[in-house]
Amino acid sequence: PILLLFLIISYLTGHTQYDAHPVIKWAPAGLVFGKLSLGTEYNFKKKNSIELYIGIPMAATRTIDYDNKQSDIESKVFSVLAGYRRYIGKKPAAGFYAEPYFKYLEHHAQGILEGDLDSKVARMDTKTDYKAWGAGIQLGYQFLIAKRICLDFFLIGPEANIVRFN
């Protein structure tokens with residue numbers, strides 16, 4: 001999917017009459033879940049753009065409660081999202097938008113859970129593996145700052161996934 005998106009962007013760059021430019025994106029909330037989310041949006045016509053996000057795995061440790069005891073779980077996430085945006089406003093790459101998208105996500109977590117088993121402390125080596133392919137449409141609003149940096153607010157939208165969870 002990344003190669004296909006690169007080829008489409010290359011094609012559009014050479015065949016547009018519009019003064020197109022990429023916008024740099026970063027989703028800081030991804031750090032909480034174990035990924036560094038970086039993205040770009042390439043506006044190839046006044047109200048049309050292509051977006052690409054990649055989530056680079058970074059370890060994030062969370063403390064969870066299990067059986068009235070606290071345990072640390074480490075998680076890492078890899079993700080790729082590619083979407084097409086159509087803006088409703090007058091400015092390029094700004095205002096309300098609708099975006100159909102495709103994504104792939106891998107989430108891995110592991111840790112030692114402590115609990116009680118017959119009045120004794122039990123330590124359980126826990127590992128999870130979640131992989132999903134998804135598609136959806138989101139509605140949102142984007143503010144541009146200095147033409148290349150933005151604040152992007154996802155408001156609402158459905159998504160369907162095919163999942164494997166171990």
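This text follows the structure it describes.
Report follows, based on the coordinates. The residue count restarts for each chain, going from 1 along the sequence in the order it is written. Restriction of local features to residues with pLDDT of at least 70 applies here, the model being predicted, together with a cutoff of 80 or more for giving and counting side-chain atom pairs; totals for whole chains, interfaces and linings are based on all residues. Side-chain numbers here rest on the full set of heavy atoms in the structure, without hydrogens or water.

### Re the pattern of salt bridges
Now for step 1: Salt bridges are defined by distance alone: a side-chain nitrogen of Lys or Arg within 4 Å of a carboxyl oxygen of Asp or Glu. The final tally for this structure, using the stated rule, is 11 salt bridges.
Now for step 2: Two residues, Lys25 and Glu51, come together in a salt bridge whose shortest N-O distance is 2.8 Å. Of the two residues, Lys25 is situated in strand 1 (residues 21–27) and Glu51 in strand 3 (residues 48–57); the sequence distance between them amounts to 26 residues. A single burial state applies to Lys25 and to Glu51, both of which are buried.
Now for step 3: Residues Asp152 and Arg85 are paired through a salt bridge, measuring 2.5 Å at the closest nitrogen-oxygen approach. By definition, any uninterrupted DSSP run of H or I lasting at least four residues is a helix, any uninterrupted run of E lasting at least two residues is a strand, and each is numbered from the N terminus. Residue exposure (1.4 Å probe, protein chains only): buried if accessible area is under 20% of the type maximum, exposed if over 50%, otherwise partly exposed.

### Structural notes on the environment of Thr40
Now for step 1: Relative to the helices and strands, Thr40 is located in strand 2 (residues 35–45).
Now for step 2: Owing to a relative accessible area of 28%, Thr40 belongs among the partly exposed residues under this scheme.
Now for step 3: For the pair Thr40 and Pro22, spaced 18 residues apart in sequence, the C-alpha separation works out to 6.4 Å.
Now for step 4: Thr40 has contacts with Pro22, Val23, Lys25, Ile50, Glu51 and Leu52, leaving out every residue within four places of it along the chain.
Now for step 5: At 3.1 Å, the side chain of Thr40 forms a polar contact with the backbone oxygen of Val23. Residues are treated as being in contact if the distance between any of their heavy atoms lies within 4.5 Å. Polar contact criterion, stated in full: a pair of N or O atoms within 3.5 Å, where within protein one must be able to donate a hydrogen and the other to accept it, and residues adjacent in sequence count only if both atoms are side-chain atoms.

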